[in-house]
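# Structural overview
The primary structure of each chain is shown beneath.
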Amino acid sequence: MNFVCNTDMTERLKKKVLIIGAGIAGLEAAVQLMNLNYDVEVIEKENFYGGHVKQWFKTFPDFQDTKPLIDLIAGKPDNLNIHFGSVPGFAEEQNGIFHVITDKNLHIHADAVLISTGFELFDAHRKEEYGYGIFNHVITNADLESFFQNGFPETGKLSLRFGFIHCVGSRDAKAGNLYCSKVCCATAVKQAIEVRQHFPDSEVYCFYMDMRMFGKQYEELFQQAQEKYGIHFVRARLSEVNQNFDQSLLIKVEDTLTSKPMKMSLDYIVLMSGMEPSVSSQSIATLFGIALDNEGFIKVSKPFIAENITEKKGLFVAGTATGPKTITETLNDARSAALAVHQYLNSK
Amino acid sequence: MELTGKQKIWEKYQKEIPSDSYYYARSCIRQNFWPGSENTFIKILREELGKDIKDEAHHTTCTGIAYHSDVVPLETTMTVVARQFSLMSESGYEHFVPSCITSFGLYTEILETWHEHPEIEQTIRNFLKESTGRTFEKPKFLIHPSDVIYSLRYEILKKARYRLINIETGRPLQCVEHIGCHYAKMFPDAGVGGAEFPHVLAGMVEAWGGEVIDYPERRSCCGFGFRQYLVQANRGYSIANTKRKFESMEPYKPDLIVTNCPGCPYFLDRWQYVISEMEGKIYGGDGYGIPALTYEELAGLVLGYNPWELGLQMHQVSVEPLLRKMGFLYDPADKYVVGNQIIQDRPDHPDVLKVL
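Residues numbered from 1 in each chain as written. Chains lettered and ligands numbered in written order. Predicted model: local features only at pLDDT ≥ 70, side-chain atom pairs only at ≥ 80, totals over all residues. Heavy atoms only, no water.

Residue and element names in this part refer to chain B. Applying the stated criterion across every chain, the model contains 39 aromatic pairs over all chains. Centroid distance Tyr24 to Phe41: 5.0 Å. Interplanar angle 40 degrees. Geometry classified as tilted. Separated by 17 residues along the polypeptide, Tyr24 in strand S1 (residues 22–25) and Phe41 in helix H3 (residues 35–48) bring together distant segments of the chain. Here Tyr24 and Phe41 have matching classes, each one buried. (Phe/Tyr/Trp six-rings, centres within 6.5 Å; stacked < 30°, edge-to-face > 60°. Helix = DSSP H or I, 4+ residues; strand = E, 2+ residues; numbered from the N terminus. Buried < 20%, exposed > 50% of the residue type's maximum accessible area, 1.4 Å probe, protein only.)

Put into structure tokens, the structure is as follows:
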């Protein structure tokens, strides 16, 4: 039996999987496939792994530091064969073998390719009426995470008023995105709590469309935010941001429960930018000749039953390249994708 | 505030503005409210800058006010507009320049509608042919006169006799720029600088030495709002809206308001008088209020034109304090001269708002 098993392993070692993108989906899939004794190579456009999660300070709903989490996913990252700062420039498939040449002229021949190119954070500049890039204290959820990691700019005030604006670039026909980004509500609640912890004298308001607290412990987090931290949740949509004479920010919202317009002055506005299909996914789709769905994410071959399989044989997809997901969902999706790759290579 | 952020937006919303050969369609209400403005636009283009502009005498209303007041159906409006285009085509011009902001917005909306729905354009072509025997070409460029002045602002500066600078302090005049709602709010790409941080008037103010005030209610309507004013019972909304703007701009101590719409300068001017009578409140320094000018009037002042030939005596809020700040040399006696005649009857002075 041992001899047979070793032969199988030797056969498997000959089979290579190329993973495009070293975010948490790519890392998780890489580790799973390596554990199954495949030869895995990863190419990553940035010079670090971990993707967007690396740039986040803490996770929801458990306020876990992201760095140990990424290290836990990646295991011993030194063992991972990651080519940083590289993107595919050429791809072709012949007889079930993919030949990919990167922009650094690295030639990779792989039996299967897994796309884990993730998402882009919605560019809040596009909501011009919100004043991002115009007014200094209009920031995004990503900027706020950076402040948590690197320190807040000096404001000269102890008591600050924060307003979190949900659904920036999500569920927004004008922005061209009708879908929900899934993670923003819980992120806003988490960040609102962190702001109250950071500035105990602050007042925090969340202007939401609907509160979509669907995950395990999310509802409890929402309750804690209201009861323990006194965060105000206002069902409202923002129409515009302006600056007052004293440099504070003036927002105009419609309270959608009372159907009344409302004005409020704030010190900081945090825009909860949602997820958009990544530019990389679009170029990879073109390169490999696969389709995108109506929302611009990579199209899967069969919803529900083959969420990790593209329309092209041997080409797989994992994580937020197919649509918004939480960290938990992304990791599960990556494991599912690794299994799909394994089944495909085993049947070759 | 980050100017670079604004500049990025301005770069995004630049439109091509032809440099010559304009077909001008005057505005129904501007000719009555601000009779000097349209003539000044033509004078600047023809006499100062040597441009070709046709001052069309045969066009009609675009029906914009009626359309926005829900009393004229869109098909009728589009057929009327098709006739305006027909007149332009007949004259051999391709650059349509409607004086009125509402017309500009309406023409933009109609051209967009035809672009998206060619079958509607064909229907309107049929209507026009059946009713008048006319055909038309669509304009190659649809531009507002404020776009034209914006594009020529530095050429105007070269010929300027005055700057938007307070001669006593040497500091830039503080200017409120108010863009008419129909300029770019419906189609941001149609306006220089877009809808949220428009640059069309700000660019003129900055070029001519002034400084733009960015006040919180900058984006709000002037108060006209069509049905807010046209329906008499709604006029409280109109004046309340205008008052909100004045309250918002007051801390910045504006020296003037510049506008690019027929209705905006009217409401921003006349409601100052009404608010002063109703509440005893005057915005602006020394009890004279804040002068609200059209961009043509402002350009005319920068070029040193006689303020009374510009028609500035038609304003309720006296412009003389602004002229003094600019160091403008003018003869107060000319204010009531029309042609060779001196008008003997003078308007009564209000009780609260000071006038000169």
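Now for the domain arrangement of chain B. Residues and elements named next belong to chain B. Assigned domains of chain B: these are domain 1 (19–145) and domain 2 (146–342). When each unit is reduced to the centre of its C-alpha atoms, the spacing between domain 1 and domain 2 is 25 Å. Counting residues at the interface gives 35 residues for domain 1, matched by 38 residues for domain 2. Taken together, both faces of the contact between domain 1 and domain 2 bury some 3200 Å²; the carbon and sulfur share is 69%. In this structure, Arg227 engages Asp70 in a salt bridge whose closest nitrogen and oxygen atoms are separated by 4.0 Å. In this structure, the connection of domain 1 to domain 2 is made through 13 residue pairs in polar contact (both at pLDDT 80 or more). Listing elements by their share of the side of domain 1 that touches domain 2, those giving two or more residues are S1, helix H2 (30–33), H3, helix H4 (64–68) and helix H6 (101–116). Of all the elements, H3 adds the most residues to the side of domain 1 that touches domain 2, at 9 residues. (Domains from an automatic or database assignment. Contact = heavy atoms within 4.5 Å. Buried area = accessible area lost by both parts, 1.4 Å probe. Salt bridge = Lys/Arg side-chain N within 4 Å of Asp/Glu carboxyl O. Polar contact = N/O pair within 3.5 Å; in protein donor to acceptor, adjacent residues only side chain to side chain.)

Residues and elements named next belong to chain A. Mapped onto the fold, Lys16 is located in strand S1 (residues 16–20). Judged by relative accessible area, Lys16 falls into the buried class, the value being 16%. Setting aside residues up to four positions removed in sequence, Lys16 forms contacts with Asp39, Glu41, Ile108, His109, Ala110, Asp111 and Ala112.

Bringing the sheet that holds strand S5 (residues 174–178) of chain B into the picture now. All names here are of chain B. Overall, parallel pairing links the 4 strands, which are arranged S6-S5-S7-S8 in an open sheet. Edge strands, defined here as strands with exactly one partner in the open sheet, are strand S6 (211–212) and strand S8 (292–294). Note that strand S7 (residues 256–259) and S8 share 3 bridges and pair parallel. By the bridge assignment for S8, Ile257 is matched with Ala292. (Pairing = 2+ DSSP bridges.)

Residues and elements named next belong to chain B. Secondary-structure assignment places Ser146 in helix H8 (residues 145–151). The class for Ser146 is buried, based on a relative accessible area of 0%. Not counting chain neighbours up to four residues away, the residues in contact with Ser146 comprise Tyr183, Val200, Met204, Asn260 and Tyr295.

Below, the discussion takes up the domain arrangement of chain A. All names here are of chain A. Once the domains are mapped, chain A shows domain 1 (7–118 + 278–347) and domain 2 (124–274). Across the boundary between the two partners, domain 1 contributes 15 residues, which contact 21 residues of domain 2. Overall, the association of domain 1 and domain 2 removes approximately 1600 Å² of surface from exposure, summing both partners, and the carbon and sulfur fraction of that is 70%. At the junction of domain 1 with domain 2, the criterion picks out 1 salt bridge. Ionic pairing is found between Glu329 and Lys182, a salt bridge with its closest N-O pair at 3.1 Å.

Bringing empty space enclosed by the protein into the picture now. Residue and element names in this part refer to chain B. Counted by the stated rule, this structure contains 4 cavities of 30 Å³ or more. Approximately 110 Å³ is the volume found for the largest cavity. Lining of the largest cavity is provided by 13 residues; of these, Ile179, Lys185, Ala195, Pro198 and Arg219 occupy positions nearest its centre. Going through the elements one at a time, S5 and helix H10 (181–184) are the ones with two or more residues in the lining of the largest cavity. Taken together, the residues that form the lining of the largest cavity break down as 5 nonpolar, 4 polar and 4 charged. (1 Å grid on protein atoms, 1.4 Å probe; cavity = no way out; pocket = protein on both sides within 12 Å on 5 of 7 lines; lining within 4 Å. Points joined across faces, edges and corners; volume = space filled by probe spheres on them. Nonpolar A, V, L, I, M, F, W, Y, C, P; charged D, E, K, R; others polar.)

Listed as interface residues are 15 residues of chain A and, on the opposing side, 19 residues of chain B. The junction of chain A with chain B conceals about 1600 Å² of combined surface from both sides, 48% of it contributed by carbon and sulfur atoms. Three residues, Glu128(A), Ile134(A) and Phe245(A), lead the burial of chain A against chain B; their summed loss comes to 42% of the area buried on that side. Remark: the boundary between chain A and chain B carries 4 salt bridges. In this structure, Glu240(A) engages Arg219(B) in a salt bridge whose closest nitrogen and oxygen atoms are separated by 2.8 Å. Applying the counting rule to chain A against chain B returns 10 residue pairs in polar contact (both at pLDDT 80 or more). When residues of the side of chain A that touches chain B are traced back to their parent elements, those giving at least two are strand S12 (232–243) and strand S13 (249–255) of chain A. In terms of residue class, the side of chain A that touches chain B is made up of 5 nonpolar, 5 polar and 5 charged.

On to the sheet that holds strand S9 (residues 138–140) of chain A, then. The strands making up a sheet associate through hydrogen bonds between their backbones, and the pairing can be parallel or antiparallel. All names here are of chain A. The 7 strands are arranged S9-S15-S10-S11-S12-S13-S14 in an open sheet whose pairing can be described as mixed. Two strands in the sheet have a free side with no partner beyond their single neighbour: S9 and strand S14 (260–266). With strand direction ignored, the average angle separating the axes of adjacent strands in the sheet is 40 degrees. Relative to strand S11 (residues 203–208), strand S10 (residues 161–168) runs parallel, the two being bridged by 5 bridges. By the bridge assignment, Phe162 is partnered in S11 with Val204. Where helix H5 (residues 141–150) meets the sheet, its contacts fall on S9, S10 and strand S15 (268–273), and the angle it forms with S9 comes to roughly 85 degrees. (Axes fitted to C-alpha atoms, helices over the stretch in contact; angles between N-to-C directions.)

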